[in-house]
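# A closer look at the structure
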Amino acid sequence: MTDRERVYGGLSNAAWGYFFLHIHFKLNTVDILPVFVGYLLLLSAIGKLSGERRDLALLRPLGMLLAGVNGVDWLLSWAGADLDGTFLPLDLLVIAAGLYFHFQFLTDMAALAEQYQPQGGSLDRRLRRRRTVYIVLYTVTFVCRYLPFGRFQDQQILIMMALVAAMLVVMLFIMAGLFELRRCFRNQEENQAKA
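Let me begin by describing the structure that accompanies this report. (Residues numbered from 1 in each chain as written. Predicted model: local features only at pLDDT ≥ 70, side-chain atom pairs only at ≥ 80, totals over all residues. Heavy atoms only, no water.)

The next thing to look at is the overall build of the protein chain. When helices and strands are tallied, the protein chain shows six helices and two strands. Shown N-terminal to C-terminal, the secondary structure of the protein chain runs as helices and strands in the order α-β-β-α-α-α-α-α. Taken over the C-alpha trace, the protein chain has a radius of gyration of 18 Å; the compact-globule value for 195 residues is 16 Å, and the two agree within 12%. Taken along the three principal axes of its C-alpha coordinates, the protein chain extends 65 × 30 × 30 Å. In the protein chain, which comprises 195 residues, the proportion classed as buried is 43%. Of all intrachain contacts in the protein chain linking residues separated by at least 6 positions in sequence, the fraction that spans at least 24 positions is 72%. (Helix = DSSP H or I, 4+ residues; strand = E, 2+ residues; numbered from the N terminus. Rg over C-alpha atoms; globule rule 2.2 N^0.38 Å. Buried < 20%, exposed > 50% of the residue type's maximum accessible area, 1.4 Å probe, protein only. Contact = heavy atoms within 4.5 Å.)

It is worth spelling out the packing of helix α4 (residues 88-116) against helix α5 (residues 123-146) at this point. Two elements in contact, α4 and α5, have axes whose closest approach is 8 Å; the angle formed by their N-to-C orientations is 170°. Regarding the angle of α4 to α5, the classification is roughly antiparallel. By residue class, the composition of the contact of α4 with α5 is 17 nonpolar, four polar and five charged. (Axes fitted to C-alpha atoms, helices over the stretch in contact; angles between N-to-C directions. Parallel < 35°, antiparallel > 145°, perpendicular 65-115°, else oblique. Nonpolar A, V, L, I, M, F, W, Y, C, P; charged D, E, K, R; others polar.)

Next up, the structure:
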């Protein structure tokens, strides 16, 4: 595999990884698009893109932790159980790891965009904005799950649904940005080959 194919494949894996992280179709309690597959795709992207952005390799342990925890959670879902909310310190660890992982991963994708986008392009800035909105929504969603809403449970459900919908929209924009970055890379490589 050439460097060009590796980077192109890494960017594809990154975009599809975010798809698996946020799109869920369940049969009873089992997700047929498991979250751990998303993290495995992101780990594959890290492996393929670390030649372009060396600090991506530092995310590998966090990615493995997140893939492992979500893999265990998926296996437990076959028995109708899950890890979510069973042990608060584990939840806090997973959320903190996820926040850092996504912040740094998307920061590195924005740096790649800066390198490969056409002169005067704004993809890097758009990816950074989307990253920031994603991280804020990720944090607020977690906090809202643990806030005591007391007699306002109905409002909590509405707020959570709105946050999840907003995260889904932002994730679609992130995926679109990653596919656009893949096109920028391909276009720059084609232009260099013609020169």
